[in-house]
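# Notes for the structure review
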Amino acid sequence: MPASTPIGIDLGTTFSVVAYLDSTGRPCTITNSEGDLITPSVVLLDGTSSVVGKEAVKAAGMEPDRIADFAKRDMGSMFYSKKVGGEQLPPEVIQSLILEKLKRDAELKLGPIDKAVVTVPAFFNEPRRKATQDAAQLAGLQILDIINEPTAAAIAFGYQVGFLDAKGEARQKETILVYDLGGGTFDVTLMEIEGSDFTAIATGGDVYLGGIDWDRRLADHIADKFRDKHHGFDPRQDAAGIQRLLKEAEDAKRSLSARDSVTITFEHVGQGIRLPITRAEFEEMTADLLERTRFTIRSLLKEARLQWSDLTRLLLVGGSSRMPMVQKMLEEESGLKVDRSLSPDEAVAHGAALYAGLLMARDVPTAAGKPAAKPAMRVRNVSSHDLGVLSKDPATGRSVNSVIIPRNTVLPVTKGKRYRTAKVGQKSIVINVIEGGDGAGRNSTPIGRCTIRELPSDFPAGSIVEVYFTYGENGRLKVEGRLPELRRKATLSIERASGLNDDKLNEWGDRLKAGRGR
Ligand code: ADP
Ligand code: MG
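What comes next is a walk through the structure. Every chain is numbered on its own, with residues counted from 1 as its sequence reads. The order in which chains are written sets their letters, starting at A; the order in which ligands are written sets their numbers, starting at 1. Local features are withheld for residues below a pLDDT of 70 in this predicted model, meaning they are given only at 70 or higher, and side-chain atom pairs are given and counted only at 80 or more; totals for whole chains, interfaces and linings count all residues. Water and hydrogen atoms were dropped before computing side-chain values, which therefore reflect all heavy atoms in the structure.

## Some words on the packing of helix 2 (residues 91–110) against helix 3 (residues 126–138)
- Here the axes come from fitting lines to C-alpha atoms, over the contacting stretch only for helices, and the angles between their N-to-C directions go from 0 to 180 degrees. Only DSSP runs of H or I reaching four residues or more are called helices, and only runs of E reaching two or more are called strands; each is numbered from the N terminus. Where helix 2 meets helix 3, the axes come as close as 8 Å, and the angle between the chain directions of the two elements is 50 degrees. Classed by the angle they form, the pair helix 2 and helix 3 counts as oblique. In this structure, helix 2 meets helix 3 at a crossing whose hand is right-handed. From helix 2, Glu92, Val93, Gln95, Ser96 and Leu99 reach across to helix 3, where they touch Ala131, Asp134, Ala135, Ala136 and Leu138.
- Note on residue categories: nonpolar means Ala, Val, Leu, Ile, Met, Phe, Trp, Tyr, Cys or Pro, charged means Asp, Glu, Lys or Arg, and polar means any other residue, Gly included. Its residues assigned to classes, the contact of helix 2 with helix 3 comprises six nonpolar, two polar and two charged. Any angle that is under 35 degrees is reported as roughly parallel, and any over 145 degrees as roughly antiparallel; angles of 65 to 115 degrees are reported as roughly perpendicular and all others as oblique. Crossing handedness is read from the near helix: turned anticlockwise from the far helix by less than a right angle, it gives a left-handed crossing, and turned clockwise, a right-handed one. Contacts were defined at the residue level, with two residues in contact if any of their heavy atoms lie within 4.5 Å.

This is how it looks when you write it as structure tokens:
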């Protein structure tokens, strides 16, 4: 049987994109069943059936209670931030419905698909990456790997612009800033590409800043003018009014990327308004939002001890980077020319497809039966948060956060620490894995617990317990416990503090399958 074509998926906060490599190895975006290149990451839940994308967006004004959007923000939490159709859903389930639609649409073009590379933001922590993998599993996709969005974008630009050769190696050392302003988040990443090594050297951003904030400004402006005209009658009083205001605002915003002015018309409960607006006015009312991105970049450069003059390229990613104010600000700030040779909303998916192709080439033997030449590309990320173990100091009873893998360690990495048991005859040892937090573990995120069981009944106090963390290139964690005195060594499963455990995952898997069968 011929191997199915792998796909690259950019599972975005507001829009998702799927790409594959054509027979010449060029990345192409797959149009969805509505004929669009990008699919809104919006789900309308109707009992057990669901509608994803444009049609769900259209229904948003009428049935806001059945709509799930921005679910990506909640990945890593137990539940999606609001009830949908009266039910609390895990965010993985909403994401899986989106992935399933993307897969189904891609299959119309490519035939059965099972393998994919899915991208995640560079700042995604371990639980969010796990949740993303689980969502893919629920959608019936086998994840070849997850890679960071800016890395994917750099790969795509690299191929297109030619700073990478056919094997994926940089012709000269590149230091790149990837500016990704999407629908709901802003991410900025500094990357070094040397030969075949892609290393993210620093990453930062703003999880609550994106195109939607520009929309809101404009929506408020329309609503204010409407209220002035109609004696204090405010269209923001009901959810449907807000939805339609945002829709008008977004349309106008997009037009203002191409034109100097537009006239917005808005009607609400039989009343209307016509409102001309210029690009300059729009830029003025959102200037502080843009400034926030400038500020974030400056702090990141400082953190990485880099100057603008150290950078070789500036890549723009994310639909919102189409706003002329973004490019203007960046060129003025950096003195560099912005590279716009790739569509900013497709770059990430294209990079994911290229990466999927490289991974497959590694595994699939060529027609001659010999393994294909191993592509050299190595993607290296740094850990975005400290990972450690929360324990109690037996002497003082205080909590202690012992960091095993510090933030910004180049991945993959295996590191361990040595602990000692507190009591004689302890039956089990519990390892509390946390991310971030201060020395006492305050403000940390619990990742989960691992337990070493069945210790001998006379296991002495002060016995050595070694805990090893292996943090993969894709930011997923494995924990190993070693008891050198007993010559015991075991890979531990993490009982997760958040997200779905295996039982729940299976349960949802069955439920979603039943829903699809209808
Ligand atoms: P995601 O955050 O899901 O990765 P995208 O990168 O696709 O999303 O960006 C989506 C955002 O880009 C939306 O806020 C959308 O309004 C905005 N956008 C798309 N095209 C334009 C345009 N031509 N001008 C201004 N904003 C745009
Ligand atoms: Mg994006």
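## Re the pattern of salt bridges
- Salt bridges, as used here, are contacts in which a Lys or Arg side-chain nitrogen is within 4 Å of a carboxyl oxygen on Asp or Glu. Applying the stated criterion across every chain yields a total of 39 salt bridges.
- One salt bridge in this structure joins lysine 173 and glutamate 192, with 3.9 Å as the shortest N-O distance. Of this pair, lysine 173 sits in the loop between helix 4 (149–162) and strand 10 (174–181) while glutamate 192 sits in strand 11 (residues 186–194), and the two are 19 residues apart along the sequence.
- Measuring nitrogen to oxygen at the nearest pair gives 2.9 Å for the salt bridge that ties arginine 313 to glutamate 174. Here arginine 313, found in strand 15 (residues 313–317), pairs with glutamate 174, found in strand 10; they are 139 residues apart in sequence, far enough to count as distant.
- When its relative accessible area of 2% is taken as the criterion, glutamate 174 is described as buried.
- Residues participating in the shared-partner salt-bridge network are Asp220, Asp224, Arg227, Asp234 and Arg236. Between buried and exposed lies partly exposed: a residue is buried under 20% and exposed over 50% of the maximum accessible area for its type, with that area taken using a 1.4 Å probe on protein chains only.

## Considerations on the site of ligand 1
- For ligand 1, the set of nearby residues contains 17 residues, the closest of which are Thr14, Gly183, Glu250, Lys253 and Ser257.
- Serine 257 places a side-chain nitrogen or oxygen 2.6 Å from a nitrogen atom of ligand 1.
- For the purposes of these results, a polar contact is taken to be a pair of N or O atoms within 3.5 Å, where, inside protein, one atom must be able to donate a hydrogen and its partner to accept one; residues adjacent in sequence count only when each atom of the pair is a side-chain atom. One nitrogen or oxygen atom from the main chain of glycine 319 is found 2.9 Å from an oxygen atom belonging to ligand 1.
- Surface accessibility in these figures is a Shrake-Rupley result with a 1.4 Å probe; residues are shielded only by whichever protein chains are displayed. A total of 580 Å² of accessible area belongs to ligand 1 in isolation, and the protein chains cover 91% of it.
- Take the shell around ligand 1: its biggest share by element is four residues, from helix 6 (residues 239–258).
- Residues of the shell around ligand 1, tallied by class, amount to two nonpolar, eleven polar and four charged.
- Viewed by domain, the shell around ligand 1 spans two of them, domain 1 (7–208 + 309–380) and domain 2 (211–285), each represented by three or more residues. A molecule or strand has a residue near it when one of that residue's heavy atoms lies within 4 Å. Start and end points for every domain follow an automatic or database-based domain assignment.

## Observations regarding unusual backbone geometry
- The omega angle of the peptide bond from leucine 411 to proline 412 is 0 degrees, so this bond is cis rather than trans.
- Mapped onto the elements of the fold, proline 412 is located in the loop between strand 18 (399–405) and strand 19 (413–420).
- Non-glycine residue valine 269 carries a positive phi angle of around 45 degrees.
- Among the secondary structure elements, valine 269 is positioned in the loop between strand 13 (261–268) and strand 14 (271–278).
- A relative accessible area of 64% places valine 269 in the exposed class.
- Here asparagine 443, not a glycine, exhibits a phi torsion of approximately 60 degrees, which is positive.

## Some words on the pairing of strand 8 (residues 115–120)
- The buried fraction of strand 8 is high, at five of six residues.
- In terms of strand pairing, strand 1 (residues 7–11) meets strand 8 through four bridges, oriented parallel. What sits directly across from glycine 8, in strand 8, is valine 117.
- At least two DSSP bridges between two strands are required for those strands to pair. Sheet topology note: the strand 8/strand 9 (residues 142–148) ladder contains six bridges and is parallel. Paired with valine 118 across the two strands is isoleucine 146, which belongs to strand 9.

## Regarding the nonpolar core
- Only buried residues count toward a nonpolar core. Its members are Ala, Val, Leu, Ile, Met, Phe, Trp, Tyr and Cys residues joined through side-chain atoms within 4.5 Å. The biggest cluster of nonpolar side chains holds 45 residues, and the ones touching the most others in it are Leu177, Tyr179, Trp214, Ile297, Val326 and Leu330.
- Ranked by residue count, the leading element in this core is helix 5 (residues 211–229), at seven residues.
- Excluding anything up to four places from it in sequence, isoleucine 297 contacts Leu177, Tyr179, Phe186, Val188, Trp308 and Leu330.
- Ile7, Val43, Phe124 and Ala135 belong to the second-largest nonpolar core, a separate cluster that totals 41 residues.

## As for the side chain of aspartate 105
- For aspartate 105, the position within the fold is in helix 2.
- Of note is the side chain of aspartate 105, whose polar atom sits 2.8 Å from the side chain of lysine 101.
- In this structure aspartate 105 touches Ile30, Asn32 and Ser33, once residues within four positions along its chain are discounted.

None of the figures reported here should be taken as evidence of function without further support.
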